[in-house]
Amino acid sequence: MERRGRPKKPLELLKLLGNPGKRPLPTDTPQPKKLYDIPAPPAHLDVIGKEIWEYLASRLTKCGILTEIDIYTLENCCVALSIAKKAAKELQESPLVYSTKNKDGSNKSVHKTQYLTVWREALAEFDNNGAKLGLSPSERAKMHVNYDANKNKEQEFFQTKTK
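This report concerns the structure included in the present document. (Residues numbered from 1 in each chain as written. Predicted model: local features only at pLDDT ≥ 70, side-chain atom pairs only at ≥ 80, totals over all residues. Heavy atoms only, no water.)

### Quick word on the nonpolar core
One finds Trp53, Leu56, Leu60, Leu66, Leu74, Phe126 and Leu135 to be the most contacted residues of the largest nonpolar core, which totals 20 residues. Elements supplying a minimum of two residues to this core: α2 (47-63) and α3 (71-93). (Core = buried A, V, L, I, M, F, W, Y, C linked by side-chain atoms within 4.5 Å. Buried < 20%, exposed > 50% of the residue type's maximum accessible area, 1.4 Å probe, protein only. Helix = DSSP H or I, 4+ residues; strand = E, 2+ residues; numbered from the N terminus.)

Structural data, given as C-alpha cells:
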C-alpha cells in the first residue's frame, strides 16, 4: 500500500530549508555521495538538453544539492524541458487550432494543436522532477544555502583528491 500524504523531502533539502517543521531530522536516511564537479551530460541529450544540463548541474552542485543518485532526475528534467522548448517553438510557428472538413467541404470540428499538449505534458514532467531537486520557486525561496561552507567542502574534496 502506498504512503499517504505528501512525499517526504530529502534530508539535504530539509537542511537547506532550515528544518521548517522543527521536528528532529531523520538519522537513518541514505546519504548518497555529493557531487562537487559538474558531471558530463548524457550523450543522448540534444543540444538544448545539454545546455539545460550545464545550467542546472552547475547551480545544483554549487548549492550542494546534486548527488550521484540525482543524475537521473536531472536527466529527466533536461529531456522534459528540451521537449517543452521544441514544442513552444512549434507553437509559435503554427496555428493553435485547426479545423477538419467533411467530404463536402464544410467544417466538421475544431481541434487544438498537438504541440500544446506536448508542451503542457513536458512542463508538467519538468515540474515533477524539478520539485524533487528543489527547483520549484516556492522551494527555492525557502532555501538558505551556505556558500562558504560549500566552498570549504570543495577545498577539502580537492585536497584529498590530489594527495
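### Some details on unusual backbone geometry
At Asn19, a residue that is not glycine, the phi angle is positive and equals roughly 50°. On the secondary structure map, Asn19 appears in the loop between α1 (11-16) and α2. The residue Lys22 is not glycine, and still its phi comes out positive at about 60°. Among the secondary structure elements, Lys22 is positioned in the loop between α1 and α2. Take Lys22: its relative accessible area is 64%, and that puts it in the exposed class.

### Some words on the side chain of Thr113
Here Thr113 lies in the loop between β2 (107-112) and α4 (114-132). Overall, Thr113 belongs to the buried group, its relative accessible area being 7%.

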